[in-house]
Amino acid sequence: MQNFRILLSSSIKPYSSLLFLNNKWMGFLLLAITFINPSVAISGILAVIFTIVFAEFIEFKEAYLAQGFYVYNSLLVGMGIGFIFMPSLMSVVLIAIGAALTFMFSFMLNRLFSAYRVPILSLPFSIATVFVYLASLKYPEFLSTSIDNAIHLDITLPLAVSSFLKSFGTIFFLPSNIAGGLMLLLTLFFSRIIFIMAVSGYYFGVLVHSYFIGSYIQALHDPYAFNYILVAIALCGVFLLPTLKNFFLALIGVAISVVLTDAISIFFHYYAIPVFTLPFNITVITFIFILSATYYKELNIDIKSTPEYSLSNYLAKIFRFGNIITQISLPFSGKWNVYQAFDDIWTHKNQFKYAYDFVKMKDGKTYKNNGLYASDYFAFGESILAPVSGYIVGARDDLVDNIIGEVDHINNWGNYIIIKSDAGFFVEISHVMQYSLKIKVGDYVQVGTIIAKCGNSGYSPEPHIHIQTQTIGMLGAFTTEFCFSEYIEKEELIFHNLPKKGSCVSAMISDRSISSRLHFILDDCFTYDVYENEILVDTVEFRVKMNDYSQFYLEDQDTNQLFFYNDHKQFYFYNYKGGESHLKWLFKLAPRIPFVRTEELFFKDYLPVYIVQSKLQTLLIEFLSSLNKNFYKQEFLYKFNGNSINSIFGEVHLEAASKALASIKYNTTHLRRKK
């Protein structure tokens, strides 16, 4: 093993992974707790070692090994063997074989399941243990070493409490209320959500089980009740976001696992095979497969180290960047009015409800004179701009523009353009003016390019721009939900939203000079003099760096990191790692800088909770956000005039022909860029 850190991480990470967490310190502590039963602890360690050695022998990539889930299934197999059998040379050999087999199962199943975006969980362990235990029935000497580990180091507690703690400890093959209690306290420290789901899942499962079997006491003594705990945690906090809706979904999963546990235990009892985590695996894998296939909105597609962190990451994204994936620009410049919005009273209904119509108005009217001719309408002949970058896959412009008062019932869409965006979805623009196309099928267009003129062809009562998104490049396909990436309404720059019917909106006019001043490249270094009350006290440097995921960030001398992104419309910060620093304040002062040409606009932004609140407040807000997402909203108002951004936090200034921010001011602190 060339990298000792990867070796250590690969050895410790699986322990915390068994509780769906990713923390090396928790891994160390859980490893220490397993020594309550030395046989389980040593067997687990041997399984991890054998797995890593086997992976090295077959030249398995260390980056894959460091992910953890390729090892924790082998860890479970080792601990399982140590739980049933006393340590011996034969058990060590069986652990080595079982670890290698489980590792291969893990890799194979992950490749198969990843195509359907389904986790393998501990399914490789469940499969491998069936073979190991069935094989052990033919080894008389091995069976003679079997031991009873059912009760170890228990303390006197009420049955309802003790049974829960034992079930929690059983996840690590330690059915002891002391072991379970220690692990539960660790869980509470690292994740309140996992703690609550463990308690809720267990007692709800016991309640359902007692209803079926008619005995609450017997349900509390079920050795496989730990499956309820694992199902609840997985379905509300790990693979699904920890929300109130998913809490009840998790309880449904727990109820299903109760029936599965009883069914499998009856089937496995004939060969004396332990059920272990098979009910948990079947339940959760089935749920995730179904929810993933139906594009369930609260599926956790970016799993972090804790449920709290996953929820925080998700909410920070949807509040700042919208919760609708499909985002397009306005297909025009200047001021236009919304004539029809989603699910409107005229043509935007049913499968065609996700569409917008825009008209131009002056003095409350869409036309001049008496509006008898198409040319009387302010929208007629206005330029249509590409709302996305992509290829033209369909277009037509030979249909005549309707006389006002008449519509074309045969060619409903009239002249049209269909663009396949770089993101894969399609945009259809309809009712284009006759013979006004500036493009042809096969052309590639950049967002903002003039592609045609607004007309009155098709089923159109007056000249307007109709726009919709769809999943296929067919004329008149069913529409899909979208939002506009940005637009200006009443001097407010609004991001990732939809204007209401009747609203007057205009597109953002990009200013490339701002973009060029914020175009940072690797190893750029910006030096600032730091003044306190206008007295020079320090000098700091912000250097541009990039991590292994090609993410760019600014880093100071204390290795605080502020992650940023620069697209063709704005520069923004999206993540911060570190303590209190000037970089953290910079996130508050200028969370985004739009490349817009303006005298003055204001915009709202939603900062991540950890940026503006204390650690204790952050913990509380993250927990409350699982009950109501709006607890996470940290909304702040910013004013921007093209050269400076002002807010309650302070202000930052750009300088013409000078890269980066020229001035950063907050409280009594003032950073001035050195030339």
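Let me begin by describing the structure that accompanies this report. Note that the coordinates shown come from a computational prediction; the quantities given were computed from them, not determined experimentally.

Right, let's talk about the packing of helix H13 (residues 226–238) against helix H15 (residues 278–293) for a bit. How two helices sit against one another is set out by the angle between their axes and by the gap between those axes. Orientation of H13 relative to H15, taken along the N-to-C sense of each, is 20°, at an axis distance of 8 Å. Considered as vectors, H13 and H15 are oriented roughly parallel to each other. Here the hand of the crossing between H13 and H15 comes out right-handed. Facing Asn227, Leu230, Val231, Ala234 and Leu235 of H13, the residues of H15 in contact are Leu278, Pro279, Phe280, Thr283, Val284, Phe287 and Ile288. In the contact of H13 with H15, the residues fall into ten nonpolar, two polar and no charged.

In this section: the environment of Met474. For Met474, the location among the structural elements is in the loop between strand S10 (465–470) and strand S11 (483–489). Given the relative accessible area of 54%, Met474 is considered exposed. For the pair Met474 and His582, spaced 108 residues apart in sequence, the C-alpha to C-alpha distance is 52 Å. Not counting chain neighbours up to four residues away, the residues in contact with Met474 comprise Ile418 and Glu428.

Phe20, Phe168, Phe172 and Val284 are the most contacted members of the largest nonpolar core, which totals 92 residues. Per element, the largest residue contribution to this core is eleven residues, and it comes from H13. Excluding anything up to four places from it in sequence, Val284 contacts Leu121, Val231, Ala234, Leu235 and Phe239. Ranked by size, the runner-up nonpolar core spans 44 residues in total, among them Leu493, Leu583, Phe587 and Leu607.

On to the packing of aromatic side chains. If you walk through the whole model with that rule in mind, you get 53 aromatic pairs. When the centroid spacing of 5.0 Å and the interplanar angle of 45° are considered together, the rings of Tyr553 and Phe563 count as tilted. One end of the pair, Tyr553, is in strand S16 (residues 552–555); the other, Phe563, is in strand S17 (residues 561–566), with ten residues separating them in the sequence. Judged on exposure class, the residue Tyr553 and its partner Phe563 are both buried. Taken together, the aromatic side chains of Phe332, Trp336, Phe342, Tyr354, Tyr356, Phe358, Phe482 and Phe484 make up a single cluster linked through ring pairs.

With three bridges connecting them, strand S2 (residues 335–340) and strand S13 (residues 504–506) associate as antiparallel partners. Note on S13: the bridge partner recorded for Lys335 is Ser506. Judged from the three bridges that link them, S2 and strand S3 (residues 355–359) form a sheet pairing that is antiparallel. Residue pairing across strands places Gln340 opposite Asp357, the latter belonging to S3.

Here the structure, examined in full by the defined rule, presents three cavities of 30 Å³ or more. By volume, the largest cavity is sized at about 90 Å³. Together, 13 residues line the largest cavity, and Phe520, Leu554, Phe573, Leu586 and Leu661 are the ones closest to its centre. Breaking the lining of the largest cavity down by element, the ones donating at least two residues are strand S14 (525–532), strand S18 (570–577) and strand S24 (661–666). A class-by-class count of the residues in the lining of the largest cavity yields 13 nonpolar, no polar and no charged.

The next point concerns helix H20 (residues 615–625). Restricting attention to buried positions, one finds in H20 the residues Thr618, Ile621, Glu622 and Ser625. On an axial view of H20, the arc spanned by its buried residues comes to 100°, and they lie on one face. Residues of H20 that are buried in the fold lie against helix H16 (307–321) and helix H19 (609–612).

The final tally for this structure, using the stated rule, is 17 salt bridges. When the shortest N-O distance is used, the salt bridge between Lys304 and Asp302 registers 3.4 Å. In this structure, the salt-bridge partner of Lys349 is Asp343, at a minimum N-O distance of 3.6 Å. Judged by relative accessible area, which is 35%, Lys349 ranks as partly exposed. Among the residues examined, Asp343 registers a relative accessible area of 44% and is labelled partly exposed. Each of Asp302, Lys304 and Lys317 takes part in one network of salt bridges that share partners.

Let us look at unusual backbone geometry. With phi around 55°, Asn533 is a residue other than glycine that occupies positive phi space. Within the secondary structure, Asn533 sits in the loop between S14 and strand S15 (535–546). The class of Asn533 is exposed, set by a relative accessible area of 55%. Even without being glycine, Asn667 reaches a positive phi, approximately 50°. Mapping Asn667 onto the fold places it in the loop between S24 and strand S25 (669–673).

For the pair helix H6 (residues 89–114) and helix H7 (residues 123–136), the least separation of the axes is 8 Å and the interaxial angle reads 140°. Comparing their axes, H7 and H6 come out oblique. Seen from above, H6 lies across H7 with right-handed handedness. Of H7, the residues touching H6 (which contributes Leu94, Thr102, Phe105, Ser106, Leu109 and Phe113) are Leu123, Pro124, Phe125, Ile127, Ala128, Phe131 and Val132. Grouping the constituent residues of the contact of H6 with H7 by class yields eleven nonpolar, two polar and no charged.

About the criteria used
Counting from 1, residues in each chain are numbered in the order their sequence is written. Where local features are concerned, this predicted model is filtered to residues with pLDDT of at least 70; where side-chain atom pairs are given and counted, the filter is 80 or more; whole-chain, interface and lining totals use all residues. Excluding hydrogens and water, the side-chain values take into account all heavy atoms of the structure. Lines fitted to the C-alpha atoms define the axes, with helices restricted to the stretch that makes contact. Angles between their N-to-C directions range from 0 to 180 degrees. A run of H or I in DSSP becomes a helix once it reaches four residues, and a run of E becomes a strand once it reaches two; helices and strands are each numbered from the N terminus. Should an angle fall under 35 degrees it is called roughly parallel, over 145 degrees roughly antiparallel, and 65 to 115 degrees roughly perpendicular, with every other angle called oblique. Should the near helix be turned anticlockwise from the far one by less than a right angle, the crossing is termed left-handed; should it be turned clockwise, right-handed. We call two residues in contact whenever any of their non-hydrogen atoms come within 4.5 Å of each other. Think of it as three bins: nonpolar holds Ala, Val, Leu, Ile, Met, Phe, Trp, Tyr, Cys and Pro, charged holds Asp, Glu, Lys and Arg, and polar takes everything else, Gly as well. Relative accessible area decides the class of each residue, using a 1.4 Å probe on protein chains only: under 20% of the type maximum gives buried, over 50% gives exposed, and in between gives partly exposed. Side-chain atoms within 4.5 Å are what join buried Ala, Val, Leu, Ile, Met, Phe, Trp, Tyr and Cys residues into a set we call a nonpolar core. What counts as a ring pair is set by centres within 6.5 Å for rings of Phe, Tyr and Trp (its six-membered ring), and what kind of pair is set by the plane angle: stacked under 30 degrees, edge-to-face over 60, tilted for all other angles. Strand pairing is defined by DSSP finding a minimum of two bridges between the two strands. Throughout, the protein atoms alone are placed on a 1 Å grid, and a set of points is a cavity if a 1.4 Å probe fits but cannot get out or a pocket if it is open with protein on both sides within 12 Å along at least five of seven lines; lining residues have an atom within 4 Å of a point. Grid points are joined across faces, edges and corners, and a volume is the space filled by probe spheres set on the points. Note: the arc covers the axis-to-C-beta directions of the helix. A carboxyl oxygen of Asp or Glu within 4 Å of a side-chain nitrogen of Lys or Arg is what we treat as a salt bridge.

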